[in-house]
Amino acid sequence: VGPKVADCIALFSLDQGTCVPVDTHVWQLVTREYKHVISGAKTVTKRVYEDIAQFFTTTFGTQCGWAHSYLFAAELPRFQPLLPPRLRVAPLPKKKKKKAKKKQKNIQKKAAAPKKRPRAEAKSKKRRRKTDSRGEE
């Protein structure tokens, strides 16, 4: 069990309000809204995790885990319409991944390619041709 899962269990099941589960979504929120907390971090490392958790603890006190949950939920597209307009976040453009493009191209190729006959059917056609060349039916 990693630190995020342990913090989730402690916060949601053991009523430990000071636990702050940090994942990439929380990291993105902090880098966008609280730039001074972590500068230049490209991913969630152990140190970044601890810095974000410490920031939440100092800023929101003993219920920082629930403050985290509130901010996390507000990021979800489903809850955006419920927020005041000044707090709404524009959705990030989705990046098209190379795998998705490649998969789509393969699907298109298969659709455009002529359909092959099953092996059994192809063999029976060969047999018929041999029979036809001998003049027998």
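Definitions and limits used
- Residues numbered from 1 in each chain as written.
- Predicted model: local features only at pLDDT ≥ 70, side-chain atom pairs only at ≥ 80, totals over all residues.
- Heavy atoms only, no water.
- Buried < 20%, exposed > 50% of the residue type's maximum accessible area, 1.4 Å probe, protein only.
- Helix = DSSP H or I, 4+ residues; strand = E, 2+ residues; numbered from the N terminus.
- Arc of directions from axis to C-beta.
- Contact = heavy atoms within 4.5 Å.
- Polar contact = N/O pair within 3.5 Å; in protein donor to acceptor, adjacent residues only side chain to side chain.
- Axes fitted to C-alpha atoms, helices over the stretch in contact; angles between N-to-C directions.
- Left-handed = near helix turned anticlockwise from the far one by under 90°.
- Nonpolar A, V, L, I, M, F, W, Y, C, P; charged D, E, K, R; others polar.
- Salt bridge = Lys/Arg side-chain N within 4 Å of Asp/Glu carboxyl O.

Asks: Would you mind showing me how to read helix α2 (residues 24-33) here?
Replies: Spacing of three or four residues puts side chains on the same side of an α-helix, whose turn is 3.6 residues. Every buried residue belonging to α2 is among Val-26, Trp-27, Leu-29 and Val-30, and all of these are buried. Down the axis, α2 shows its buried residues gathered within 160° of arc, on one side only. The elements touched by buried residues of α2 are α3 (46-60) and α4 (64-75). Here α2 starts with a cap whose side-chain oxygen sits 3.1 Å from the backbone nitrogen of His-25, and that cap is Asp-23.

Asks: It is not clear to me how the packing of α2 against α3 should be interpreted in this structure. Could you clarify?
Replies: Helix-helix packing is described using two parameters, namely the angle between the two axes and the distance between the axes. Where α2 meets α3, the axes come as close as 11 Å, and the angle between the chain directions of the two elements is 65°. Crossing handedness for the pair α2 and α3: left-handed. The residues of α3 that touch α2, namely those facing Val-26, Trp-27, Leu-29 and Val-30, are Val-48, Ile-52 and Phe-56. Here the contact of α2 with α3 is composed, by residue class, of seven nonpolar, no polar and no charged.

Asks: Help me understand the pattern of salt bridges in this model?
Replies: Between side chains of opposite charge, pairing is possible as soon as their charged atoms come close. One pass over the structure, following the stated rule, counts four salt bridges. A salt bridge links Glu-75 to Arg-32, with the shortest nitrogen-to-oxygen separation between them at 2.5 Å. Highlighted residues: Glu-75 in helix α4 and Arg-32 in helix α2, separated in sequence by 43 residues. Note on Glu-75: relative accessible area 26%, which makes it partly exposed.

Asks: Looking at this model, I keep getting lost on unusual backbone geometry. Mind explaining?
Replies: In terms of backbone geometry, most residues other than glycine have negative phi values and most peptide bonds are trans. At Asp-15, a position not held by glycine, the phi torsion is positive, near 55°. For Asp-15, the position within the fold is in the loop between α1 (3-12) and α2.

Function-wise, these values are silent; they only describe arrangement.
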